[in-house]
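Residue strings, one per chain:
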Amino acid sequence: MTNAKANARTMITTVTLNAAIDKTYYVPSFDKGKVSRAGKVVSTAGGKGLNVARVLQQLGHGEVAATGFAGGYNGQFITSRVKEAGIRSEFIDISGESRLCLNFIDGRDGSSTEVLEPGPEVGVEEIKRFKIKLRGLSEESALVVFSGSLPRGADPGLYADLIALSRSAGADVFLDSSGETLVRGVSALPTFIKPNEDEIVSLLPDAGGSDLREGIRKLMAQGIPVAAATLGAEGAVAGAGGRIYRVRIPKLEPVNTVGSGDSFVAGYAYGHVRGWPVEECLRYAAAAGSANALSETTGDVSPAEHARLLREISVEEWTD
């Protein structure tokens, strides 16, 4: 973490290029082809990067900025909620309407069904404006976190370009995305990535029958300093400094797991900018991801629950 230390920066900027209003509906039952009446609805400013920003704020990291694209009435809701959370709002206003992401929680078994809108299309000029904004924020930041999908109209290689831009301004860079945007973004060698187990295979098409650990080793060999794969109730596996770590979490009764991966990223980012050892970053990350699963709100961590869970998480080097 040489850049952040050398420049004595502390701000973390999160990038959400396809921001949304996340709406979670709690219904007694969710059956295809039938009318469902929600007992409760929770609305938040969403998108993976905004989840990261909110959790960082809840964990006590004071300097957090959020940027990306926001448009229309939905965009106004998003930016107002960001400001209410004490996060510095640096969104680029666009002409399109920001999207809705719907999550239906079935009261019978707690299962989650998501419906995600594609979001607005952005043009060349809007991307140019964003790059100017990002350079300025990167010059202030210890770390820039890129999360989620790209908006329509953006080239799949945009994350790779933005990673290079932020790094040239002196910031470390995290990437949490999927599909081709992840593959292209990884080519720019971000400091940290968080693919899931299936995405590691897409990143390493020649991996064949390799197990998860071997896939992480290959990513490190390609020049990725930290690669972490979250495994839900099974915790996580991560690679850093040529070593593989197994992260185990306590048994939970989850309320809403959406946003737990983003909370994991936030927890790791919190430790990373403080120069903590990898093991402590992973412990903090896993506690944040677990705490989010106990909240009804997406991207929401109770500091008290986080502190409790920290004592119940184990991080060990995996040597067998």
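Values in this document were obtained by computation on a predicted structure and should not be read as measured data.

A. Structural detail: the overall build of the chain. For the chain, the helix and strand inventory stands at 11 helices and 14 strands. With the principal axes as the frame, the chain shows a C-alpha extent of 50 × 45 × 40 Å. For the chain, with 320 residues in total, the buried portion stands at 53%. When the accessible surface of the chain is totalled, it reaches about 13,600 Å², and 50% of it is carbon and sulfur. Computed over 34 positive and 39 negative side-chain charges, the inter-centroid distance for the chain is 2 Å.

B. Focus on empty space enclosed by the protein. Counted by the stated rule, this structure contains one cavity of 30 Å³ or more. By volume, the largest cavity amounts to about 30 Å³. Lining the largest cavity, in full, are L17, N18, A19, F69, I94, S98, P120 and P151. Its residues assigned to classes, the lining of the largest cavity shows six nonpolar, two polar and no charged.

C. Representation of the layout of surface pockets in the model. One number sums up the size of the largest pocket: a volume of about 1,100 Å³. Taken together, 45 residues form the lining of the largest pocket, with K48, T257, G259, S260 and G261 sitting closest to its centre. Sorting the residues of the lining of the largest pocket by element identifies strand 2 (20–27), helix 2 (48–59), strand 6 (99–106), strand 7 (112–116), helix 9 (260–272) and helix 10 (278–293) as the ones contributing at least two each. Grouping the constituent residues of the lining of the largest pocket by class yields 15 nonpolar, 20 polar and 10 charged.

D. Seen up close, the confidence of the model for the chain. In the predicted model, the chain carries a mean pLDDT of 92, and the fraction of residues at 70 or more is 96%. Segment residues 1–6 is flagged for pLDDT under 50; beyond a separation of four residues in sequence, or across chains, it makes nine contacts in the model.

E. Broad picture of the sheet that holds strand 6. Strand order across the open sheet formed by four strands is 3-2-6-7, with mixed pairing between neighbours. Two strands lie at the open edges of the sheet, namely strand 3 (40–46) and strand 7, each paired on one side alone. On average, each strand axis in the sheet is inclined to that of its neighbour by 15°, with strand direction left out of account. In the sheet, strand 2 pairs with strand 6 via eight bridges, with the strands oriented parallel. Across the sheet, residue T24 finds its bridge partner in strand 6, namely N103. The strands that helix 2 touches are strand 2 and strand 3; relative to strand 3, the one it contacts most, it runs at about 95°. Across the face of the sheet, helix 3 (residues 72–84) comes into contact with strand 2, strand 3 and strand 6 while running at roughly 80° to strand 3.

What counts, and where the lines are drawn
- Residues numbered from 1 in each chain as written.
- Predicted model: local features only at pLDDT ≥ 70, side-chain atom pairs only at ≥ 80, totals over all residues.
- Heavy atoms only, no water.
- Helix = DSSP H or I, 4+ residues; strand = E, 2+ residues; numbered from the N terminus.
- Buried < 20%, exposed > 50% of the residue type's maximum accessible area, 1.4 Å probe, protein only.
- Areas by Shrake-Rupley, 256 points an atom, 1.4 Å probe, with all protein chains shown as cover.
- Lys, Arg positive; Asp, Glu negative; His and termini not counted.
- Charge placed at Lys NZ, Arg CZ, Asp CG, Glu CD.
- 1 Å grid on protein atoms, 1.4 Å probe; cavity = no way out; pocket = protein on both sides within 12 Å on 5 of 7 lines; lining within 4 Å.
- Points joined across faces, edges and corners; volume = space filled by probe spheres on them.
- Nonpolar A, V, L, I, M, F, W, Y, C, P; charged D, E, K, R; others polar.
- pLDDT = per-residue confidence, 0-100.
- Contact = heavy atoms within 4.5 Å.
- Pairing = 2+ DSSP bridges.
- Axes fitted to C-alpha atoms, helices over the stretch in contact; angles between N-to-C directions.

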